[in-house]
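Notes for the structure review
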Amino acid sequence: MTALAVKLAAVGKDYRHFHLRDIDLELEEGRVMGFVGPNGAGKSTTIRILLGLIHQDRGHVSVLGHSMPRDQVAAKWDIGFVSEDMRLYGQATLEWHMKLMASIYPKWDEDYAAQLLKRFELRPQQAMRRVSHGERTKALLLLALARRPRLLVLDEPTTGLDPVARRDVLAELMDVILDERRSILFSSHNTLDVEQISDQITFIDKGRIIRSLDKETFLDRWRRLRFEARGGFSSDGLPGIVETVRSGQLGAVVTDVYSDDVVERVKRAGAEITAIERMTLEEIFVANVVRSRKEVRP
Amino acid sequence: MHSELVISQSDGRPMYQQVMDQIRQKIAVGDWPGGHELPSIRALAASVKVSVITVKRAYMELEREGLIVTRQGRGSFVADDANIGPKLQREELQHHLEEAVKRARLLGMDLSELLDLVRWVRAQALKDER
Amino acid sequence: MNRSLIMTLMRKDWDLYKRAIISLLVLGIIGLGIVVLGRTQFTFIIGGVLLITAIIILGCVLVQASIAGERKEQHLAFVMSLPVTAREYSWAKIIFCLTAYSVVWALLVAAASYVVLGSPIPDGMMALFVPMFLALWCCMALMTGVSIVSESMQATVIIMTACNIGINFFLFSIVRIPDIGSQFDSPTLTFTGPIYALLGAELLFIVVTIGLTLYLQCRKTDFI
């Protein structure tokens, strides 16, 4: 049983207009977790609870073996955190920030930092208030990566980056994974990135975790079956069907437990299957959210 | 960073299959001969920029097919099989046939109808060759 | 508590705000210079106003930029990602603000006292000046405390305005105290009971404000 880099058990937090409920999350050491959810779903809150910046009202949080928020300082020595709404000091330069980090963290790797400067094409002498959004994100990542943390927690790391910058960032993140003791948890709207580098994917909506599974299982279990109805076809009551879309005789059903049985059942209910399609993570995510919202308010 | 394989997200096939196909190709053309040590799962994942779990799955499936062998604690190696070329090609054929059988079932064809179609296709192919 | 991290945080703040602090120190010295070299009542007032303004602005800048601004400019997430607790962060801020302020305040107060006591200006004025300077420090403690605890730029601006207005009322009020007002022209300085009581009250105010700030900060659980 591999060690857990992150473990949240029955975590909850109450705000006036928003509630985080029953959050169970486990990230094994050496893996990458993609955290996907609409705006306001609770991603940032969950991440901040994970870092000990917000104290949970219920439940237990353990990061790198440390109980949070009690041992947050011990944990933060080994965690690199980059968030989209984080800002460096505008009047200072990147070099100043790098010196600050080097003075705090013994694990700061000067050579790696220099490499990242080149790879990310950043100018150390530039004042942080004059940099573009993409450069700021890359600067924050540099400051986090160069001290080789055991856990990287990233809130929207590729949002607002141009395709080249995105590719550079993903490449650096994947280099982190070369060390099997280092893990990454990142939240993103960019489902392509999540689909590409995540080992495990967690969907969150309205303060609840909808699903948390390893990526290949997600992609294996979900299918869209396109059909041509043969008189009297109805998907009502068919088990395993998440969603049906129909226009006249043509339509498609979505299943999250794809197997030959499901295909058979749809055929027996009166449909001719014309195509079986794999779904992108984005489509799976949307279908999950729609279903979970229907369950709450039928 | 130089990558040995290239994964495309616009390719309709799942990523683990793309990885498998490219490894198979490398074996079939002799770039990775029998006994050659495959990169570690993490190293390949990092160089191709795909998740470790995807590469792990690709390696597992290739091992199931007998194309590679994983030795506990020592890594994965291309199977030491003299027949690997023809074996691979036979597997590729089997893969295509699996596709055909699946589609036939979807269309509601039974075995004899499928075999008739195979015979017809073969006859056409032989005709074209002449 | 991690002393070296707290020192690092304070050093960081010094790096970021030293230009402002030093500029205001220079401004205060210019004001003092005008008082010393002027020798007329007019220059005394001009120099004095410059001096007091410098101290007040310093307090406001320190509080607004390093406390309220850090939250508003979204630097807090970055700082809290460092291996510090919220409590250590609060301590570092309070110590930095009050120390930076104190150094400039003490220099200017000492220099002003030297000027008053060493020049033809009646020494009795010190009976007014000492409570005034202490009142400035009280304002700083209050602004720092309110800004840290309220976590709001709005509250910070309101308390700064209130302090600026309040210090004037304070000045007009204590001038009315007979023990103080009567010494304006006196060449000798006498600290009497009521004056000590006033100074004592101000010191108590400072201690209570800082203590309350630390207490309220330690009870908080969320920092973002």
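Note that the coordinates shown come from a computational prediction; the quantities given were computed from them, not determined experimentally. (Residues numbered from 1 in each chain as written. Chains lettered and ligands numbered in written order. Predicted model: local features only at pLDDT ≥ 70, side-chain atom pairs only at ≥ 80, totals over all residues. Heavy atoms only, no water.)

Helix and strand content of chain A: 10 helices and 14 strands. Counting only C-alpha atoms, chain A reaches 75 × 40 × 40 Å along its principal axes. Put simply, 70% of the contacts in chain A that link residues at least 6 apart link residues at least 24 apart. Accessible surface for chain A amounts to roughly 12,600 Å². Of this, 48% is attributable to carbon and sulfur atoms. Between the averaged position of the 45 positive side-chain charges in chain A and that of its 44 negative side-chain charges there is a distance of 4 Å. (Helix = DSSP H or I, 4+ residues; strand = E, 2+ residues; numbered from the N terminus. Contact = heavy atoms within 4.5 Å. Areas by Shrake-Rupley, 256 points an atom, 1.4 Å probe, with all protein chains shown as cover. Lys, Arg positive; Asp, Glu negative; His and termini not counted. Charge placed at Lys NZ, Arg CZ, Asp CG, Glu CD.)

Here the focus is the overall build of chain C. Across its full length, chain C holds eight helices and zero strands. Reading chain C from its N end, one meets helices and strands in the order α-α-α-α-α-α-α-α. What you see for chain C is a C-alpha radius of gyration of 19 Å, in line with the 17 Å of a compact globule of 224 residues. Its C-alpha atoms give chain C principal-axis dimensions of about 55 × 35 × 30 Å. (Rg over C-alpha atoms; globule rule 2.2 N^0.38 Å.)

Now for the sheet that holds strand 13 (residues 250–255) of chain A. Residue and element names in this part refer to chain A. Spatial strand order, 12-13-11-14: four strands in an open sheet with antiparallel pairing. Two strands lie at the open edges of the sheet, namely strand 12 (241–247) and strand 14 (271–278), each paired on one side alone. Sheet twist, expressed as the average angle between the axes of neighbouring strands with direction ignored, equals 20°. Across seven bridges, the pairing between strand 11 (residues 223–229) and strand 14 is antiparallel. By the bridge assignment for strand 14, arginine 226 is matched with alanine 275. Sheet strands touched by helix 9 (residues 260–268): strand 11, strand 12, strand 13 and strand 14. Its angle to strand 14, the strand with the most contacts, is close to 150°. (Pairing = 2+ DSSP bridges. Axes fitted to C-alpha atoms, helices over the stretch in contact; angles between N-to-C directions.)

In this section: a nonpolar patch on the surface. Residues and elements named next belong to chain C. A cluster of nonpolar side chains, contributed by Leu204, Val208, Leu212, Tyr215 and Leu216, occupies part of the molecular surface with about 480 Å² of accessible area. Inspection of the secondary structure puts leucine 212 in helix 8 (residues 193–218). The exposure class of leucine 212 is partly exposed, given its relative accessible area of 47%. (Patch = residues over 30% accessible without salt bridge, like charges linked within 9 Å, V, L, I, M, F, W, Y side chains within 5 Å. Salt bridge = Lys/Arg side-chain N within 4 Å of Asp/Glu carboxyl O. Buried < 20%, exposed > 50% of the residue type's maximum accessible area, 1.4 Å probe, protein only.)

Moving on to the side chain of Ser83(A). All names here are of chain A. Relative to the elements of secondary structure, serine 83 occurs in strand 6 (residues 79–83). Accessibility expressed as a relative area gives 2% for serine 83, which makes it buried. In terms of polar contacts, serine 83 uses its side chain to reach the side chain of aspartate 85, at 2.3 Å. (Polar contact = N/O pair within 3.5 Å; in protein donor to acceptor, adjacent residues only side chain to side chain.)

Residues and elements named next belong to chain A. Sheet architecture is open: six strands sit in the order 6-7-8-3-9-10, paired in mixed fashion. The open sheet has two edge strands, strand 6 and strand 10 (208–214), and neither has a second partner. Each strand axis lies, on average, 15° off the axis of its neighbour in the sheet, ignoring direction. Inspection of the sheet shows strand 3 (residues 32–36) paired to strand 9 (residues 200–205) by four bridges, in the parallel sense. Of the residues in strand 9, the one forming a bridge with valine 36 is phenylalanine 203. Here helix 10 (residues 281–296) sits on the sheet in contact with strand 3, strand 9 and strand 10, set at roughly 40° to strand 9.

Listed by partner, the interface residues are 28 residues for chain A and 25 residues for chain C. Across the interface of chain A and chain C, roughly 2,400 Å² is buried in total on both sides, 65% from carbon and sulfur atoms. Three residues, Leu53(A), Arg87(A) and Tyr89(A), lead the burial of chain A against chain C; their summed loss comes to 27% of the area buried on that side. Counting across the chain A and chain C interface gives 10 residue pairs in polar contact (both at pLDDT 80 or more). Those elements that place two or more of their residues in the side of chain A that touches chain C are helix 2 (72–76), helix 3 (94–104) and helix 5 (133–145) of chain A. When residues in the side of chain A that touches chain C are grouped by element, the largest group, six residues, is from helix 3 of chain A. Among the residues making up the side of chain A that touches chain C, the classes are represented as 17 nonpolar, six polar and five charged. (Buried area = accessible area lost by both parts, 1.4 Å probe. Nonpolar A, V, L, I, M, F, W, Y, C, P; charged D, E, K, R; others polar.)

Attention now goes to the arrangement of the chains. Contacts are most numerous between chains A and C, taken over all two pairs of chains that touch. Of all C-alpha pairs spanning chain B and chain C, none lies closer than 27 Å, and the two are not in contact.

Here we come to the side chain of Thr54(B). Residues and elements named next belong to chain B. Along the chain, threonine 54 falls in helix 3 (residues 52–64). Threonine 54 gets classed as buried once you look at its relative accessible area, which sits at 0%. A distance of 2.8 Å separates a polar atom in the side chain of threonine 54 from a polar atom in the side chain of serine 51.

Residues and elements named next belong to chain A. In this structure, proline 69 follows methionine 68 across a cis peptide bond, with omega equal to 5°. By the secondary structure assignment, proline 69 is in the loop between strand 5 (66–68) and helix 2. The phi dihedral of leucine 64 falls on the positive side, at around 50°, and the residue is not glycine. Considering the arrangement of structural elements, one finds leucine 64 in the loop between strand 4 (58–63) and strand 5. Of note, the phi angle at lysine 206 is positive, near 50°, even though the residue is not glycine.

On to the interface of chain A and chain B, then. In many analyses, interface size is given as the accessible surface area lost on bringing the parts together. At the interface, 27 residues of chain A touch 19 residues of chain B. The junction of chain A with chain B conceals about 2,000 Å² of combined surface from both sides, 55% of it contributed by carbon and sulfur atoms. Sorting the residues of chain A by area buried against chain B places Met174(A), Gln196(A) and Glu216(A) first, and these three jointly supply 28% of that buried surface. Seen at the junction of chain A and chain B, the total is two salt bridges.

Turning our eyes to something else, we now look at the layout of surface pockets. Size it by volume and the largest pocket reaches roughly 1,600 Å³. Looking at the largest pocket, it is lined by 41 residues, and the ones nearest its centre are Gln17(B), His95(B), Glu98(B), Glu99(B) and Lys102(B). Among the elements of the structure, helix 9 and strand 14 of chain A together with helix 1 (15–28), helix 3 and helix 4 (84–106) of chain B are those that each provide at least two residues to the lining of the largest pocket. Among the elements that take part in the lining of the largest pocket, helix 4 of chain B stands out by supplying 13 residues, more than any other. Looking at the lining of the largest pocket residue by residue, the classes come out as 12 nonpolar, eight polar and 21 charged. A domain-level breakdown of the lining of the largest pocket finds at least three residues from each of domain 1 (2–78) and domain 2 (84–129) of chain B. Roughly 980 Å³ of volume is contained in the second largest pocket. Lining the second largest pocket are 34 residues; nearest its centre among them are Phe44(C), Ile45(C), Gly48(C), Met125(C) and Phe129(C). Elements supplying a minimum of two residues to the lining of the second largest pocket: helix 1 (3–38), helix 2 (41–72), helix 4 (86–118), helix 5 (126–150) and helix 6 (153–176) of chain C. In terms of residues, the lining of the second largest pocket owes the most to one element, helix 2 of chain C, which gives nine residues. Looking at the lining of the second largest pocket residue by residue, the classes come out as 25 nonpolar, seven polar and two charged. (1 Å grid on protein atoms, 1.4 Å probe; cavity = no way out; pocket = protein on both sides within 12 Å on 5 of 7 lines; lining within 4 Å. Points joined across faces, edges and corners; volume = space filled by probe spheres on them. Domains from an automatic or database assignment.)

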